[in-house]
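# Chains, contacts and geometry: an overview
Here's the letter readout for the chains.
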Amino acid sequence: TTISELSVAYNMALGEGIVPHIVLGLQGGIGQRTINYSNLQFPNQADPFSKKYNPDILNGENNLSDNRSYPDISAGGLWYYSPNENFNVYAGTALLHINKPNQSFLGETANRYRKLVLHGGSQFPISKNIDLIPAVLFLKQGPKTEFDWGTFLEYTLVKYKNEKTSVAIGFW
């Protein structure tokens, strides 16, 4: 599978000064899937005498395509607020494969499931050099659902102007 995509995003402040921001993004591209049928073994390619796979026996499949190209479109948004360098909070969502691209090699319909992503988190100090960074992530694609949550503790080793060097430990 090869995918070429282009993403664009726009960051917009919701007022003047230290205010929340909204980021909107759009992604579009072309995907291409290929398959080499000579690497596959079909049940009807078993030699009737030896019962072993014989690549010289035709696989019996007709009209198989070995190449499939498809457009793919996704979009998302993020809200974030960072009133100072010691605190921030964010929440976002994205919908991937909005157009449900057809990925079938057989000329039938095999649409890719849309994928919903919801995420959020925050970062705030619990001491002079230690920040707590909790986060959540929810994913839903077709019949599959995933929910992750966790947190990090970040210890700042060096801080200079707007730059810092830190180490983090956490769990998900």
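The following paragraphs examine the structure supplied in this document. Not measured: the values here are computed from a predicted model. (Residues numbered from 1 in each chain as written. Predicted model: local features only at pLDDT ≥ 70, side-chain atom pairs only at ≥ 80, totals over all residues. Heavy atoms only, no water.)

### Regarding the pattern of salt bridges
Enumeration over the complete set of coordinates arrives at two salt bridges. The partner of Asp-131 in a salt bridge is Lys-164, and the shortest N-O contact between them spans 3.9 Å. With a gap of 33 residues between them, Asp-131 in strand β6 (residues 130-141) and Lys-164 in strand β8 (residues 163-171) connect regions that are remote in the sequence. Given a relative accessible area of 8%, Asp-131 falls into the buried group. Between Lys-164 and Glu-154 there is a salt bridge, and its shortest N-O distance comes to 2.7 Å. Residue Lys-164 is located in strand β8, and its partner Glu-154 is located in strand β7 (residues 144-160); the two are separated by 10 residues in the primary sequence. Relative accessible area serves as the criterion here: at 36%, Lys-164 is assigned to the partly exposed category. A single network of salt bridges, built from pairs that share partners, joins Asp-131, Glu-154 and Lys-164. (Salt bridge = Lys/Arg side-chain N within 4 Å of Asp/Glu carboxyl O. Helix = DSSP H or I, 4+ residues; strand = E, 2+ residues; numbered from the N terminus. Buried < 20%, exposed > 50% of the residue type's maximum accessible area, 1.4 Å probe, protein only.)

### Examining the side chain of Thr-151
Following the sequence through the fold, Thr-151 ends up in strand β7. In this structure Thr-151 comes out as buried when scored by relative accessible area, which is 16%. There is a polar contact of 3.3 Å between the side chain of Thr-151 and the backbone oxygen of Ile-133. Thr-151 has contacts with Leu-132, Ile-133, Pro-134, Ile-169, Gly-170 and Phe-171, leaving out every residue within four places of it along the chain. (Polar contact = N/O pair within 3.5 Å; in protein donor to acceptor, adjacent residues only side chain to side chain. Contact = heavy atoms within 4.5 Å.)

### Looking at the sheet that holds strand β3 (residues 67-84)
Whether parallel or antiparallel, the strands of a sheet pair through hydrogen bonds between backbone atoms. Spatially, β1-β2-β3-β4-β5-β6-β7-β8 is the arrangement adopted by the eight strands of the open sheet, whose pairing is antiparallel. Where the open sheet ends on each side, the last strands, each with one partner, are β1 (2-13) and β8. The mean angle between the axes of side-by-side strands here comes to 15 degrees, regardless of whether they run parallel or antiparallel. For strand β2 (residues 21-34) and β3, the ladder comprises 14 bridges, and the chain directions are antiparallel. When the bridges of β3 are listed, Gln-32 appears paired with Ser-69. (Pairing = 2+ DSSP bridges. Axes fitted to C-alpha atoms, helices over the stretch in contact; angles between N-to-C directions.)

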